[in-house]
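Overview (structure and organization)
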Amino acid sequence: MNNNQMIYVDPQLSQGEALRWAYFFKELNNNWVITSENPENKNIDTYELLDKSVVLTKYPELKQLLTLDFDKSISFCKGMNSDKWYDFHF
C-alpha cells in the first residue's frame, strides 16, 4: 500500500463511535474503508477521505492491516471482547 493512499472513514468514528470494520475493496482501486459497527450511512460518498498517516495516528491498531495487499476484496471485523481482527472474504 502506498503511504499517500487515502482511506474512506465513517463519519460516526469522528463522533466517538468505536471502530469495528475495515474493508479492502479491490474494485475501488485497492482502497480501504473503515466503519463503526452500524454506520448510519453506508454510501462511501458521504465518508471522510483521510490520508493513511492521519488514520494510523487515530487508529494505530490498523497499522498491520493497512500494510497488507490482497488479490480480492476482504473485510475485517474487530472482536467484541478482544482487540483481535477477524477476516471475512467476499
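Preceding this paragraph is the structure being described.
Residues numbered from 1 in each chain as written. Predicted model: local features only at pLDDT ≥ 70, side-chain atom pairs only at ≥ 80, totals over all residues. Heavy atoms only, no water.

Okay, the pattern of salt bridges next. Overall, the coordinates contain 2 salt bridges when judged by the stated rule. Of the charged contacts, one joins Arg-20 and Glu-37 as a salt bridge, the two residues approaching to 3.8 Å between their closest N and O atoms. Separated by 17 residues along the polypeptide, Arg-20 in strand β2 (residues 19-25) and Glu-37 in the loop between β3 (31-36) and β4 (48-51) bring together distant segments of the chain. Residue Lys-78 pairs with Glu-61 through a salt bridge whose shortest N-O separation is 3.5 Å. Within this pair, whereas Lys-78 is found in strand β5 (residues 74-78), its partner Glu-61 is found in the loop between α2 (52-58) and α3 (63-66), the two being separated by 17 residues in sequence. (Salt bridge = Lys/Arg side-chain N within 4 Å of Asp/Glu carboxyl O. Helix = DSSP H or I, 4+ residues; strand = E, 2+ residues; numbered from the N terminus.)

The next point concerns the packing of aromatic side chains. A complete count under the given rule lists 4 aromatic pairs for this structure. Ring geometry for Trp-32 against Phe-76: centres 6.2 Å apart, planes inclined by 25 degrees, an arrangement best described as stacked. Placement of Trp-32 in strand β3 and of Phe-76 in strand β5 is noted, with a sequence separation of 44 residues between them. In this pair, the class of Trp-32 matches that of Phe-76, namely buried. An aromatic cluster is present here, built from Trp-21, Tyr-23 and Phe-25 joined pairwise through their rings. (Phe/Tyr/Trp six-rings, centres within 6.5 Å; stacked < 30°, edge-to-face > 60°. Buried < 20%, exposed > 50% of the residue type's maximum accessible area, 1.4 Å probe, protein only.)

What follows concerns the environment of Lys-58. With respect to the helices, strands and loops of the structure, Lys-58 is situated in helix α2. Its relative accessible area of 47% is what places Lys-58 among the partly exposed residues. Taking C-alpha positions, Lys-58 is 9.9 Å from Leu-13, a pair spaced 45 residues apart along the chain. In this structure Lys-58 touches Ser-14 and Leu-50, once residues within four positions along its chain are discounted. (Contact = heavy atoms within 4.5 Å.)

Turning our attention to the side chain of Gln-5. The topology assignment puts Gln-5 in the segment before β1 (6-9). Given a relative accessible area of 13%, Gln-5 falls into the buried group. Among the polar contacts listed, one links the side chain of Gln-5 to the side chain of Asn-31, at a separation of 3.0 Å. (Polar contact = N/O pair within 3.5 Å; in protein donor to acceptor, adjacent residues only side chain to side chain.)

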